[in-house]
Amino acid sequence: MGQRYGFINTCLKSLVVEKYGEEVWEKLRLQAGVQDTFLTFEVYKDEITMQLVDKACKVLGVPADMVLREFGEYFFEFCKRSGYDHMLRTLGGNLYEFIENLDALHSYLSLSYQEMNAPSFRVEKNEDGSMHLHYYSDRRGLYHIVPGIIGAAALDFFNIEISMEIVNQTEEEERTGKKEHIVFLVTQNPVLPYEERKKYSSSPPYLADSEKQSETQLNNEDPEKAKNTIRDRGNLVCPVKKSHWKTIRGIITLGRGERSFRGSLSSFMSLFNKKNSKLLRGFDPVYPKSLWIDTKTFCNGLPFHMVFDKELRVKQAGTRREMMPESWKQRPMLELRGQMIWMESLQCMLYLCSPLLRTLHELEERQMHIADIAPHDVTRDLILLNQQRLAEMELSNQLERKKEELRILSKHLEEEKKKTEALLYAMLPQHVANQLKEGKRVEAGEFKECTILFSDVVTFTNICAQCEPIQIVLMLNTMYLQFDRLTTVHDVYKVETIGDAYMVVGGVPVPVSTHAERIANFALGMVIAAKGVQNPVSGNPIQIRVGIHTGPVLAGVVGEKMPRYCLFGDTVNIASRMESHGVPSKIHLSSSTYQCLKYKNFEMTERGEIEVKGKGKMHTYFLVRNKAATENEIMGRPVKDLDSGHASVQSFQEGRTETAPSSHQTVNQTQQEKDQTTAIAMKYIDGPTDAQNSLKRRNQAKNADLTAIEKEVTHTTRNIPTQVSTCKKSNIPRSDHLSRLQHNQYLPCVSLEHHISTPRVSGKSEAL
């Protein structure tokens, strides 16, 4: 398998992203197991390209020939956008010349892309105007790209549509190995008229103008001449663009015509430029009777020419091996490139060639110098220009590498930033963390109503006294991981953990009307999760106490180093007392929380009055279960068919958790496996909070007062000639006073003044 430059893979990526989206490319490259980006001047294995093409066929559900043809069309446009547009346009004046010079273009590009293994093209004209295109390549199975490239070039450069079909497919053994040889039949579709073709033409304006002038010239000619001209043009595959030299070659015919042109080239060009000259007449070329050059001068001027016959026997060479210095015979063989011309009279082939040298390094390897190449040979200039080009490519390659390194670093930085933000949002509420990141001061906020939960482990002090510290850490970590997962399920805020104490709040920092329901379901989930955590001393499930209270709090950020979002107020104290005065494996509720849950499908039992430290006697309750939710819903697990009908299995009666240790281990393992699944958030329907309802009621009352004042003022001004004025001698009309009153800008006062004797003047009122 060969190699190719990253330019090809970059083009393939650009095609997929542009036409199918970034997601399709990401899926395709992951299946192919390749990197995301490719460096233009880096060499990659052919396997990468073949894998991408193969996966593209499977992902897009498109046959390979269609994918390759579309890639060929896009590759042509991609090359134009990459700076090769002008180079491609100047290859030939028609499609035949364009294809004929593709190998020359590849040969030039190979000077810079030294690892390039380009295909080879050979084209033959047919009498009916069609062509046979011969395609040779070391890479098998990629020949469907050719119709895409050639078709796109024909339409873009020459404004013609072509069809290509395979007429022969073979494999040929060559010196470099087996090559795939595909023969295409290229036929031209009917050409559109000029006016219609001009709409779709991307040729330069001067080409379109010359074409229009050509059609005008045909209209002015004699019908017979115009017919012959059109017939001659129809034999060409591309009749759009004709160079001046091609026009001359079309005029000069061999063995035909009434006159033969004899004279110098300058006199011919002057004749060619005359308006009234008869350009349709034929001319015969005239050659010198003998060559005015001696053999030595010819061989010195063309040191790398060669003449050989059909049996490949060398008849003549500019420089023979026995003519070289003895030291040169030990050097590596010199590769040549050039043009072969068949000489019919001698039945020999003339090979006019030059050394195939791309860089100064190759020149030094063969112990040659620039002076060893003939001054007229452009190889001298190509070596120097290519050396500069290679230096620019190396600099561009370095910049591209640095760009890719920066892109990767930027991607890693973004990933680390997300991790940091996730850690920060786990410690502080998101809006508070964002304010701190922006350097703003976070003001404390008052929450009219929220629900706070406290929990702790029963006999935690005794457990710590009988266990190793690592066992305590493992036990608490196992339990807190389950609790943290439940905070996501019910969308409540974890305030802090101190030892075995776990504090959670609902309705803070984002007020919600279902804060009590969320905390109640969270508490039920805590008791279930605690059954899956073993006591390291006894091996039995641990027991926890849970206390809940509802009331107002003040919340704010405390400290600069390791800032914490803390809650303050008597609600926090009462919630802590509910936990400390609770019962193992029970959820202890205050009366305020009971009132919030009273009509919410929760089963609760009355505990009665108890003495609470620092609070006196309080009436409390126990939460038993949620009558409308299943255990899987509360725990955030996928809901199974067995859970249909909302048959709740949460019942926290004493004695139900007492099971045999041997069987409980299996239950715990199954429970932990269940809880390792992704947390599924429980759905809650939040209405306006009490604070929002209170604000709404205050606004309604304010609007009612304003309406009453306006009615009173209107009634008074109708019955008594009065004048309304504002305090502090304000001249604002009454309507403006009322509107500003609604916005609480100031309070107007109404003075009723009797015995008005002076009328209003110019819209103003004066009081006597």
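Okay, so let's go over this structure.

**Some thoughts on the pattern of salt bridges**
Line of reasoning, step 1. Counted by the stated rule, this structure contains 33 salt bridges.
Line of reasoning, step 2. Note that R140 and E171 form a salt bridge whose closest N and O atoms lie 2.7 Å from each other. Of this pair, R140 sits in the loop between strand 4 (131–137) and helix 7 (145–158) while E171 sits in strand 5 (residues 162–174); the two residues are 31 residues apart in sequence, bridging distant segments of the chain.
Line of reasoning, step 3. The closest approach of N and O atoms between D309 and R313, which form a salt bridge, is 3.1 Å.

**Considering the sheet that holds strand 3 (residues 120–125)**
Line of reasoning, step 1. Taken in spatial order, the four strands make up an open sheet running 3-4-6-5, and their pairing is antiparallel. The open sheet has two edge strands with one neighbour each: strand 3 and strand 5. Adjacent strand axes in the sheet meet at a mean angle of 20° when their direction is disregarded.
Line of reasoning, step 2. In the sheet, strand 4 pairs with strand 6 (residues 177–188) via seven bridges, with the strands oriented antiparallel. Within strand 6, the residue paired with H132 across the bridge is L185.
Line of reasoning, step 3. Relative to the sheet, helix 7 contacts strand 3, strand 4, strand 5 and strand 6, its axis offset from that of strand 5 by approximately 135°.

**A look at the state of the cysteines**
Line of reasoning, step 1. Applying the stated criterion across every chain, the model contains zero disulfides.
Line of reasoning, step 2. Not engaged in a disulfide, the cysteine C79 finds its nearest cysteine sulfur in C11; these two sulfurs lie 6.7 Å apart.
Line of reasoning, step 3. The class of C79 is buried, set by a relative accessible area of 11%.

**Comments concerning the environment of C464**
Line of reasoning, step 1. Among the secondary structure elements, C464 is positioned in helix 17 (residues 460–466).
Line of reasoning, step 2. The exposure class of C464 is partly exposed, given its relative accessible area of 31%.
Line of reasoning, step 3. With 72 residues separating them in the primary sequence, C464 and P536 have C-alpha atoms 9.5 Å apart.

**A few points about the sheet that holds strand 10 (residues 348–355)**
Line of reasoning, step 1. The strand order 8-7-10-9 describes an open sheet built from four strands, whose pairing is antiparallel. A single partner strand is all that each edge strand has here, and the edge strands are strand 8 (314–317) and strand 9 (336–343). Within the sheet, the average angular offset between the axes of one strand and its neighbour, ignoring direction, is 20°.
Line of reasoning, step 2. Here strand 7 (residues 305–309) pairs with strand 10 via five bridges, running antiparallel. Bridge assignment links D309 to a residue of strand 10, and that residue is C348.

Conventions and cut-offs
Residues numbered from 1 in each chain as written. Predicted model: local features only at pLDDT ≥ 70, side-chain atom pairs only at ≥ 80, totals over all residues. Heavy atoms only, no water. Salt bridge = Lys/Arg side-chain N within 4 Å of Asp/Glu carboxyl O. Helix = DSSP H or I, 4+ residues; strand = E, 2+ residues; numbered from the N terminus. Pairing = 2+ DSSP bridges. Axes fitted to C-alpha atoms, helices over the stretch in contact; angles between N-to-C directions. Contact = heavy atoms within 4.5 Å. Disulfide = S-S within 2.5 Å. Buried < 20%, exposed > 50% of the residue type's maximum accessible area, 1.4 Å probe, protein only.

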